[in-house]
Amino acid sequence: MSEIFISKRELETLYLKGKTSKAQISKILKCSICTVYNKFKKYRIRTIKEKFIIPEIKLKELYCNKKLSATKIGKIFKCGRSTIESRLRKYKIKMRDKRVFVPRNKLYKLYWIKKISIDEIAKILKMPRSTIYCKFKQYKIKIRSVSEARMGIKASYETRKLFSKLHKGKGNPMYGVHRFGKKNPFYGKCHSKKTKKQFSISHGGTGIPGELSEYGPEFNKQLKEKVRDFWNRKCMFPECGIPGAECLTKIPVHHIDYDKMNNCEVNLIPLCRKHNAMVNKNRKFWEEYFTKLMISRISIKKIQEI
Ligand SMILES: [Zn+2]
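Per chain, residue numbering runs from 1 following the sequence as it is written. Only residues with pLDDT of 70 or above have their local features reported here, since the model is predicted, and side-chain atom pairs are shown and tallied only from 80 upward, although totals for entire chains, interfaces and linings are computed over all residues.

1. Considerations on the overall build of the protein
- Within the protein, the regular secondary structure consists of 15 helices and two strands.
- For 306 residues, the compact-globule formula gives about 19 Å, and the C-alpha radius of gyration of the protein, at 43 Å, lies well above that figure.
- Along the first, second and third principal axes, the C-alpha atoms of the protein reach 125 × 60 × 40 Å.
- Here the C-beta atoms are placed from the backbone, and a residue counts as buried if at least 20 other C-beta atoms lie within 10 Å of its own, exposed if 12 or fewer do, and partly exposed otherwise. When the 306 residues of the protein are sorted by exposure, 9% land in the buried category.
- We call two residues in contact whenever the C-beta atoms placed from their backbones are within 7 Å. Look at the contacts in the protein between residues 6 or more apart in sequence, and 48% of them connect residues 24 or more apart. The way it works is that DSSP assigns letters per residue, a run of H or I at least four long becomes a helix, a run of E at least two long becomes a strand, and they are numbered from the N terminus. Restricting the calculation to C-alpha atoms gives the radius of gyration, and the globule rule supplies 2.2 Å times the number of residues raised to the power 0.38.

2. Description of the nonpolar core
- Take the buried Ala, Val, Leu, Ile, Met, Phe, Trp, Tyr and Cys residues, join any whose C-beta atoms are within 7 Å, and the set you get is a nonpolar core. Counting residues in hydrophobic clusters, the biggest one holds 12 residues: Val227, Cys235, Met236, Phe237, Ile251, Val253, Ile256, Leu268, Ile269, Leu271, Cys272 and Phe290.
- In terms of nonpolar packing, the next biggest core, distinct from the first, is built from six residues, Tyr63, Ala70, Ile84 and Leu88 among them.

3. Digging into the domain arrangement of the protein
- Delimitation of the domains relies on an automatic or database domain assignment. Splitting the protein by domain gives domain 1 (8–42), domain 2 (56–90), domain 3 (104–149), domain 4 (186–211) and domain 5 (221–305).
- Each of domain 1 and domain 3 was reduced to a C-alpha centroid, and the two centroids are 54 Å apart.

4. Brief notes about unusual backbone geometry
- Phi is positive for asparagine 232, close to 60 degrees, though the residue is something other than glycine.
- Note that asparagine 232 resides in the loop between α13 (221–230) and β1 (253–255).
- We classify asparagine 232 as exposed; it has 11 C-beta atoms within 10 Å.
- Despite not being glycine, asparagine 282 shows a phi value in the positive range, around 60 degrees.

5. Quick word on the environment of glutamate 218
- Relative to the elements of secondary structure, glutamate 218 occurs in the loop between α12 (193–202) and α13.
- On the basis of neighbour counts, which here come to 10 C-beta atoms within 10 Å, the residue glutamate 218 falls in the exposed class.
- Separated by 49 residues in the primary sequence, glutamate 218 and asparagine 267 place their C-alpha atoms 13 Å from one another.
- Excluding residues within four positions of it along the chain, glutamate 218 makes contact with Leu223 and Asn263.

6. Here we look at the packing of helix α5 (residues 70–77) against helix α6 (residues 81–90)
- Between N-to-C directions, angles cover 0 to 180 degrees, with each direction set by a line fitted to C-alpha atoms, over the stretch in contact for helices. Taken N-terminus to C-terminus, the directions of α5 and α6 make an angle of 105 degrees; their axes are 8 Å apart at the nearest point. Judged on the interaxial angle alone, α6 and α5 are roughly perpendicular. Residues Ala70, Thr71, Ile73 and Gly74 of α5 pack against Arg81, Thr83, Ile84 and Glu85 of α6.
- Residues were grouped as follows: Ala, Val, Leu, Ile, Met, Phe, Trp, Tyr, Cys and Pro as nonpolar; Asp, Glu, Lys and Arg as charged; and all remaining residues, including Gly, as polar. Looking at the contact of α5 with α6, its residues break down into three nonpolar, three polar and two charged. Roughly parallel here means an angle under 35 degrees, roughly antiparallel means over 145, roughly perpendicular means 65 to 115, and every remaining angle is called oblique.

Take a look at the structure:
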């Protein structure tokens, strides 16, 4: 490997007379800074300690009058914060106290009452985040848990979609879990009077629990069987069609006009358990829907009989 030739004279004129730095010399001679250092060692050229020239008057003006921080002054003179601080000590310029007083009440109000995050508090008080954390520790202010911090914030549409996708089928924590009998968390308990009243109102009643729970005497096994046969023993909810045999019990029979005393055959229709519960809401719509279904079914049957 060929060695780059740099003469001692060349270096000395550049460095001592020209007052160029080692980095600049390396650029002029198109070699690495290491090579320049090695040549200096080889030729035993005494290096001058490179110092940043920071005049006292200018530093005083920037620090005391313009109230600039040590970091900002460092940027002006292209040196670090510590250099500026050491110069301040050297020139005996009194350094400002970095500690800023923030009362505990103010922090507590912003964080726990106005529910502002630590990041935002740091922006408001113009302080670094870490300082705010230290103040919290010092004042023994409790920091919100993740669930507390998320309170009142609604998840975005995408997040909700993702969760619903993840919790479908086998992803659902209740997948394959059956809680019958004593395993049921509601075993041996019953609803309060208030809840029963709410149930009654939401199910079309007047608020008296159990007022509509009695069926007429004609609503017996034979009648139910007759209705099931008439509808081919299938759930008549749109796009369901579960056959009666597949249902856990015999397919339940639903009253179209929700009147349990009206046990006319035209008012009865089989619905599986799930859909029987479902039609308790939106009653007007379902009454209309099943009435239309009943009319069309009867007319088809009549044509078939002819
Ligand atoms: Zn069904």
